[in-house]
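Listed below, chain by chain, are the residues.
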Amino acid sequence: MGATDAGPQDDWQRYPFRLVPGDPQLDFPAAEGMHHDYESDTWYLAGFLTADSGRRFAFITIFNRNRPGGEVVADFHTFALFDVDHGNYGSFTDYDMPPKNMEAGARPKLTCAEGHLDVRYDSSAGTTTWAACRDETGELVPYTYDYRAVGNDRDGAAMELRLHLTPSRPPVPVGGSTYHGKIIACMQDDTYSYFQTGMRMAGTLTWARGDGVIAESVTGDSGHIDRQWFPHYAGGGGTGGDPRGQAHEWHTISLDNGVDMSVWRQFDRRDGNALVPFTGITTTYADGTPSECVEDLEVVTTSYVRWPDEVRSLMRPPSKPRYLPERHTLRSAALDLELTGEPLVTAPAHALPIEYLEGPYRYWGTMRGTPVTGVALYEATLAMHRAWELIGGLATQAAACD
């Protein structure tokens, strides 16, 4: 295990801040902005929200900037809301892809700043923004943001979420002091990644569903940011152009003992779904305990769920019946950790380039001998469709029924 070698805990609350000594790629606020020398840049924001009425919701937002070859524009944006109490969700994805965006007069839908966070996506549903706040003198307020997302669910119902976000914990490099935030991701060396949890959120949620308009004031303290920037196009740059040549499971779990953890598992689909780096857990602690990186992660999948055929990924599916991991138990001897996770929303599929399942989960188990519970937004792209994969999944389902 290794603790991150970032500076003193209180240093992170001021800009500029160097997360990893000797590596300017992880200097803040620039790490929050666009990295024009990298072909792919991803901004991710998610969290759990409680309304004044007591209703529980969750959300995700993805901005994905892609420049294959350095020039082609291949961007997309996703926004989703989850009604945790009723087990349903709405998801919206908008693309800016060739050949349509190469027509005369077309302009990029995604704009983003260098040097600080300011991203904007002009979609068919309106404009979604996520930007750093400034004080009365025009100076950036560290890690503090205003966010507004809009979209339409599959039934055409309008969704809108407005939040003001403030931090309670510093950013953490994925892999702590073992990897310093420079990992292998999507089969690409030298991918940068950090996350930040404990974002406090306050704002409004509106969802004009057919069964009645939801209009609520919402708050939450389990929000998190996840960032990656890739040397090459993330949708296949590490697999010779095959977007389904790799897959992953990823989630950030917030436990009730004050421990948050970023959990990664990555697979080479060209080699029998062999586990590949980076696979492991990076922790962060509410009391300021240095983060840890452990790579003895073990996961047992106990059920699979069928991909809903009505949700169409951008890339042509290899076959119709596709199954993705669902319930699971994860363990780490180094952390003395065992957690079981199950979905709060069934089969939350999103229309991304390939099969992409993500939604709210609840966890329970033990850590260092003490019972814990937690929540996460769990993400999986391991869509099983080959005969040997389906046989393995069927055997898992049969064992669960014994």
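Being a predicted model, the structure only gives us computed values, none of them experimental.

Engineer: I'd like a description of the overall build of the chain, backed by residues and values.
Structural biologist: On a plain count of helices and strands, the chain comes out with 2 helices and 27 strands. At 20 Å, the chain has a C-alpha radius of gyration in line with the 21 Å of a compact globule built from 402 residues. C-alpha atoms of the chain, sized along the principal axes, occupy 65 × 55 × 50 Å. Taken over 402 residues, the chain has a buried fraction of 56%. Restricting to contacts in the chain with at least 6 residues of sequence separation, those with at least 24 account for 61%. In the structure as shown, the chain presents an accessible area of about 16100 Å², 51% of it carried by carbon and sulfur atoms. Distance between charge centroids for the chain: 6 Å, based on 33 positive and 55 negative side chains.

Engineer: Can you lay out the pairing of strand 17 (residues 259-268) for me, pointing to particular residues and giving the numbers?
Structural biologist: Burial analysis of strand 17 places 10 of its 10 residues in the buried class, the great majority of the element. Every second residue of strand 17 is oriented toward a common face, with V259, M261, V263, R265 and F267 on one face and D260, S262, W264, Q266 and D268 on the other, all of them buried. Pairing of strand 16 (residues 246-255) with strand 17 involves 9 bridges; the strand directions are antiparallel. Bridging across to strand 17, W250 finds its partner in W264. A loop of 3 residues connects strand 16 with strand 17, the two strands running antiparallel in sequence, and G258 in this loop sits at a positive phi of about 90°. Across 9 bridges, the pairing between strand 17 and strand 18 (residues 274-285) is antiparallel. For V263, the partnering residue across the bridge sits in strand 18 and is I281. Taken together, strand 17 and the strand that follows it, strand 18, pair antiparallel across an intervening segment of 5 residues, in which G272 is found at a positive phi of about 60°.

Engineer: Give me the confidence of the model for the chain: which residues, what numbers.
Structural biologist: For the chain, per-residue confidence averages 93 on the pLDDT scale, and residues scoring 70 or more make up 96% of the total. Scored below 50 in pLDDT, residues 1-9 shows 26 contacts in the model against residues more than four places distant or in partner chains.

Engineer: Before we move on, can you summarise the pairing of strand 27 (residues 370-380) with the specific residues and values?
Structural biologist: A regular strand carries its side chains on alternate faces of the sheet. Both strand 16 and strand 27 contribute to a ladder of 7 bridges, which runs antiparallel. Counterpart to E249 in the pairing with strand 27 is A380. The pairing of strand 26 (residues 356-367) with strand 27 spans 11 bridges and is antiparallel. Its bridge partner lying in strand 27, T366 is registered against P371. Joining the antiparallel neighbours strand 26 and strand 27 is a turn of 2 residues, in which R368 adopts a positive phi near 50°.

Engineer: Go over the side chain of T42, please, and point to the residues and values.
Structural biologist: Of note, T42 is situated in strand 3 (residues 40-51). Exposure remark for T42: the relative accessible area of 11% places this residue in the buried category. Separated by 2.6 Å, the side chains of T42 and N64 make a polar contact. With residues near it in sequence (within four places) discarded, T42 still touches I62, F63, N64, D226, R227, Q228 and F230.

Engineer: So what's going on with the state of the cysteines? Which residues, and what values?
Structural biologist: As enumerated under the stated definition, the model contains 0 disulfides in all. Free of any disulfide, C186 has its nearest neighbouring cysteine sulfur in C293, separated by 18 Å.

Engineer: Requested: an account of the nonpolar core, with residues and values cited.
Structural biologist: Grouped together as the largest cluster of nonpolar side chains are 59 residues, with contacts concentrated most on I253, M261, L339 and M367. Every residue in contact with L339, bar those within four places of it in the chain, is listed here: I253, L255, M261, H328, T329, L330, Y363, W364, G365, T366 and V372. Counting 47 residues, the second largest nonpolar core, distinct from the first, contains L49, F57, F59 and L163.

Engineer: Tell me what's going on with the pattern of salt bridges, and back it up with residues and numbers.
Structural biologist: Within this structure, the stated rule accounts for 26 salt bridges. Across the pair E342 and R362 runs a salt bridge, and its minimum N-O distance is 2.8 Å. Residue E342 is located in strand 24 (residues 337-343), and its partner R362 is located in strand 26; the two are separated by 20 residues in the primary sequence. Relative accessible area serves as the criterion here: at 36%, R362 is assigned to the partly exposed category.

Engineer: Break down the packing of aromatic side chains for me, citing the residues and quoting the values.
Structural biologist: Tallying each qualifying case throughout the model produces 18 aromatic pairs. When the centroid spacing of 6.0 Å and the interplanar angle of 20° are considered together, the rings of F82 and Y89 count as stacked. A ring pair is formed by W130 and Y145, whose centres lie 6.0 Å apart and whose planes are at 75°; its orientation type is edge-to-face. With W130 in strand 9 (residues 126-134) and Y145 in strand 10 (residues 140-152), the pair connects residues that are 15 residues apart, well separated along the chain. As far as burial versus exposure is concerned, W130 and Y145 are alike and both buried. Clustering of aromatic rings is evident, with ring pairs tying together W12, Y15, F17, F28, Y38, Y143, Y192, Y194 and W229.

Engineer: Please give an account of the environment of D11 that cites residues and values.
Structural biologist: One can find D11 in the segment before strand 1 (17-18). For the pair D11 and P170, spaced 159 residues apart in sequence, the C-alpha to C-alpha distance is 9.2 Å.

Engineer: Account for the environment of G198, naming residues and giving values.
Structural biologist: The residue G198 is located in strand 14 (residues 188-209) in this model. You can call G198 buried: its relative accessible area is 8%. In this structure, G198 is in contact with T166, P167, S168, D221, G223 and D260, ignoring residues within four places of it in sequence.

Engineer: Break down the side chain of S193 for me, citing the residues and quoting the values.
Structural biologist: Mapped onto the elements, S193 comes out in strand 14. S193 sits in the buried class, given a relative accessible area of 0%. Side-chain polar atoms of S193 contact the side chain of Q228, separated by 3.0 Å. Excluding its chain neighbours within four sequence positions, the residues that come into contact with S193 are P173, V174, G181, I183, R227 and Q228.

The rules behind these values
- Residues numbered from 1 in each chain as written.
- Predicted model: local features only at pLDDT ≥ 70, side-chain atom pairs only at ≥ 80, totals over all residues.
- Heavy atoms only, no water.
- Helix = DSSP H or I, 4+ residues; strand = E, 2+ residues; numbered from the N terminus.
- Rg over C-alpha atoms; globule rule 2.2 N^0.38 Å.
- Buried < 20%, exposed > 50% of the residue type's maximum accessible area, 1.4 Å probe, protein only.
- Contact = heavy atoms within 4.5 Å.
- Areas by Shrake-Rupley, 256 points an atom, 1.4 Å probe, with all protein chains shown as cover.
- Lys, Arg positive; Asp, Glu negative; His and termini not counted.
- Charge placed at Lys NZ, Arg CZ, Asp CG, Glu CD.
- Pairing = 2+ DSSP bridges.
- pLDDT = per-residue confidence, 0-100.
- Polar contact = N/O pair within 3.5 Å; in protein donor to acceptor, adjacent residues only side chain to side chain.
- Disulfide = S-S within 2.5 Å.
- Core = buried A, V, L, I, M, F, W, Y, C linked by side-chain atoms within 4.5 Å.
- Salt bridge = Lys/Arg side-chain N within 4 Å of Asp/Glu carboxyl O.
- Phe/Tyr/Trp six-rings, centres within 6.5 Å; stacked < 30°, edge-to-face > 60°.

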